Amino acid sequence: MEKFDTLTALVAPLDRSNVDTDAIIPKQFLKSIKRSGFGPNLFDAWRYLDHGEPGMDNRKRPLNPDFVLNQPRYQGARILLARENFGCGSSREHAPWALLDYGFRVIIAPSFADIFFNNCFKNGILPIVVPSSQMDELFRQTLAQEGYQLTVDLNAQTVTKPSGEVLSFEVDAFRKHCLLNGLDDIGLTLQHVDDIKAYEASRAKEAPWLFH
Amino acid sequence: MATTPKTLYDKLWDAHVVRRQDDGTALLYIDRHLVHEVTSPQAFEGLRLAGRKPWRVQANLAVPDHNVPTTHRDQGIQDPVSRLQVETLDDNCAEFGITEYPMNDIRQGIVHVIGPEQGATLPGMTLVCGDSHTSTHGALGALAFGIGTSEVEHVLATQCLLQKKSKNMLVQVNGKTATGVTAKDIVLAVIGQIGTAGGTGYAIEFGGEAIRDLSIEGRMSVCNMAIEAGARAGMVAVDDKTIAYVKGRPFAPQGELWDQAVAAWQHLHSDPDAHFDRVVNIDAAAIKPQVTWGTSPEMVVAVDAKVPDPDQEANPTKAEGMRKALDYMGLQANTPITDISVDKVFIGSCTNSRIEDLRAAAAVAKGHKVADNVKLAMVVPGSGLVKQQAEQEGLDKIFLDAGFEWREPGCSMCLAMNADRLEPGERCASTSNRNFEGRQGQGGRTHLVSPAMAAAAAIKGHFIDASKL
Ligand code: SF4
């Protein structure tokens, strides 16, 4: 998993509540063989005017000009503003995979669906909970100012606006530690390599047929 | 010092704890990892992106099963998306050095059939696979459960998983079953009694005379559906049958190692006074051949019963669920099960596609013809080796003469990810494990039954007690 410490990036506003994982990545793409490569099909049904299927050349598909991420001013955005209950629906890890592949590292919303929230941390995405009133303010400012950027500092737990105003946010200490150090579950387990090796050595004595 | 009596699950668990974390989770060592094409590609991709290698390459065994066609294998896979998923498995296995039985290998088959068949599943092992029906392997006295894609990658990279221990449940099937009552009927009856959430949070050990009387293949059918009772793992204690089953299989230990292993496996049973958090007793003699009537495996009755009436159900939520299920299934309450006719018959899946299942179905089909109202009756062996064995025994002839189709091994119409599926409204007698809405094809209606009962439904065109045919 890629580390996350600080990020200064363009912000895109997705002004809808209850965005579910099927909207984030429709089910026909789950037959895919990759964890990466879901970016072009992120929000597929909203983003394109035709029906998407795996294997299509997405560059040739008609874009929906009304969808916010298709607007030129939001190209290259890495921070997504969202509304209540973002990521509800199924537990598919394809949802954070698609957001990450598209380029998002931070999602700021008033609330997240539980499983999705967990899946984000597993995949190097920082979900930040910000109260609705401050969310409204962020949406307003993003819309008002082209090229609006935010600086997110995970260590300090702050979001800094272009004006210099600072919002602070909460994050679970253990998750923060993992994200700051780029530790995924695998990374954490691999901190116990010696324990695993010791187990294998003693197990190989007790049950050698498992290691022949 | 007296040691605390342990359940089989406790023993399997304790033998695999690498370290305990402060929050009560344990890092559990995994002896065997089975891999198939649907849930593994992202895990391999993850390994690649992180520059990691499989921790212990020989612990893995891979096979494509969900997407493979069951006809015209020589022409390859027609659906390009399915083909890519299968080819990706081939490539990943080649790249990382993992043993794979590719589509046209005689050893290819459903992942839960080939594990035990090859001796890759051994008593006392922890075994995982990115598939919920991994519980099947517990029939050999192993701790086996399904995992998600992130965990597949975790096992590949570390040979371990972070797990919280489940509670212990014992399902005792006491006494003897009547003739014609199979392992599938036992497990359907168990699920009918405890419900699809009855095993949630538990690891289930199946015991009692009726379970001990089952063959190892029968025990696999039972453990296969533990997940349908909500339990992640199902298991049966090791006995002489287990050891006889494992002996001589390609991955099984040999010579001195074999003797050592057998000595260790003798302990793989619950101690007499071991504590179970829940015990369920079932009277084997009361079990009749089962047929599901709804859209959940717990919606099940005996073949001589009627479709239940929601109006007689006191619990309003349950009654509403029953009405929805009847509506989807196109059934009226109080219809005798034997009045329900079928359009298709599917004999296969990781529940019932082993040689004994095919023998049981063939014994019923022999000398009969598939009824005119049945559009398709198909037999899909669980592996290439099962298929070969069945052909040596002439079972394929029996099926073909009766008008069944004889297919190549794979998951097939169990989940309809390949070309085999039900059309909307079609009704199927199926030996698989899930009768969920749309499971065998959009709008398809699935009735879960044993292989003998499926064959009987094919012959008669409607459900009937196979022993009365
Ligand atoms: S046969 Fe069915 S239940 Fe078994 S692994 Fe294949 S799809 Fe899953």
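Provided above is the structure to which this section pertains.
Residue positions are counted from 1 within each chain, in the order its sequence is given. To label them, take the chains in the order written and letter them from A, then take the ligands in the order written and number them from 1. Totals for whole chains, interfaces and linings use all residues, but because this is a predicted model, local features are given only for residues with pLDDT of at least 70 and pairs of side-chain atoms are given and counted only at 80 or more. The basis for every side-chain value is the complete set of heavy atoms in the structure, and neither hydrogens nor water enter the calculation.

1. Things to note about the overall build of chain A
Next, step 1: In this text, helices come from DSSP runs of H or I with a minimum length of four residues, and strands from runs of E with a minimum of two, each type numbered from the N-terminal end. Along chain A, the regular secondary structure elements total eight helices and seven strands.
Next, step 2: Note on classification: 1.4 Å probe, protein chains only; a residue is buried when its accessible area is under 20% of the maximum for its type, exposed when over 50%, partly exposed between these limits. Every one of the 212 residues in chain A was classed for burial, and the buried ones make up 52%.
Next, step 3: It only takes one pair of heavy atoms within 4.5 Å for two residues to be counted as in contact. Considering only contacts within chain A whose residues lie at least 6 apart along the sequence, 64% involve residues at least 24 apart.
Next, step 4: Methods summary: accessible areas were calculated by the Shrake-Rupley approach with a probe of 1.4 Å, and residue burial reflects only the protein chains presented. Of the roughly 9600 Å² that chain A leaves accessible, carbon and sulfur atoms contribute 49%.
Next, step 5: Distance between charge centroids for chain A: 5 Å, based on 23 positive and 27 negative side chains. His is not counted, nor are the chain ends, whereas Lys and Arg count as positive and Asp and Glu as negative. Think of each charge as sitting on NZ of Lys, CZ of Arg, CG of Asp or CD of Glu.

2. Points about the site of the ligand
Next, step 1: Neighbouring residues of the ligand: B:His66, B:His112, B:Asp131, B:His133, B:Ser349, B:Cys350, B:Cys411, B:Cys414, B:Leu415, B:Asn433 and B:Arg439.
Next, step 2: When residues are grouped by polarity, Ala, Val, Leu, Ile, Met, Phe, Trp, Tyr, Cys and Pro land in nonpolar, Asp, Glu, Lys and Arg in charged, and all others, Gly among them, in polar. Here the shell around the ligand is composed, by residue class, of four nonpolar, five polar and two charged. Near, as used in this document, describes a residue that has one of its heavy atoms within 4 Å of the molecule or strand being considered.

3. Thoughts on the sheet that holds strand S1 (residues 17-20) of chain B
Next, step 1: Taken in spatial order, the three strands of this open sheet run S1-S2-S8 (chain B), and their pairing is antiparallel. Of all the strands in the sheet, the pair left with one neighbour each is S1 and strand S8 (160-163) of chain B. Strand-to-strand twist in this sheet, taken as the mean axis angle between neighbours without regard to direction, amounts to 20 degrees.
Next, step 2: The rule for pairing is simple: two strands pair if DSSP sees at least two bridges between them. Bridge count between strand S2 (residues 26-29) of chain B and S8(B): four bridges; the pairing is antiparallel. Residue pairing across strands places B:Tyr29 opposite B:Cys160, the latter belonging to S8(B).
Next, step 3: Lying on the sheet, helix H8 (residues 193-206) of chain A is in contact with S1, S2 and S8 of chain B; it crosses S1(B) at an angle near 145 degrees. Orientation is described by axes fitted as lines to C-alpha atoms, over the contacting stretch for helices, and by angles from 0 to 180 degrees between their N-to-C directions.

4. Some details on the interface of chain A and chain B
Next, step 1: The partner chain B presents 43 residues to the 32 residues of chain A that form the contact.
Next, step 2: Buried surface at the junction of chain A and chain B, summed over both partners, amounts to about 3100 Å²; 62% is from carbon and sulfur atoms.
Next, step 3: If you sort the residues of chain A by the area they bury against chain B, A:Lys31, A:Ile33 and A:Trp209 come out on top, with a joint share of 26%.
Next, step 4: Here a salt bridge means any side-chain nitrogen of Lys or Arg lying within 4 Å of a carboxyl oxygen belonging to Asp or Glu. Where chain A touches chain B, the interface holds two salt bridges.
Next, step 5: Between A:Glu200 and B:Arg56 there is a salt bridge whose closest N-O contact spans 3.8 Å. Buried area is understood as the total, over both parts, of accessible area removed when two parts are fitted together, assessed with a 1.4 Å probe.

5. Quick notes on the side chain of B:Thr242
Residue and element names in this part refer to chain B.
Next, step 1: Topologically, Thr242 is positioned in helix H9 (residues 240-246).
Next, step 2: Overall, the relative accessible area of 0% leaves Thr242 in the buried class.
Next, step 3: With residues up to four places along the chain from it excluded, the contact list for Thr242 reads Pro123, Leu140, Ile216, Arg219 and Ala237.

6. What to know about the sheet that holds strand S15 (residues 344-347) of chain B
Next, step 1: The strand order across the open sheet built from five strands is S17-S16-S15-S18-S19 (chain B), with neighbouring strands paired in parallel fashion. The strands lining the two open edges of the sheet, one partner per strand, are strand S17 (405-406) and strand S19 (445-448) of chain B.

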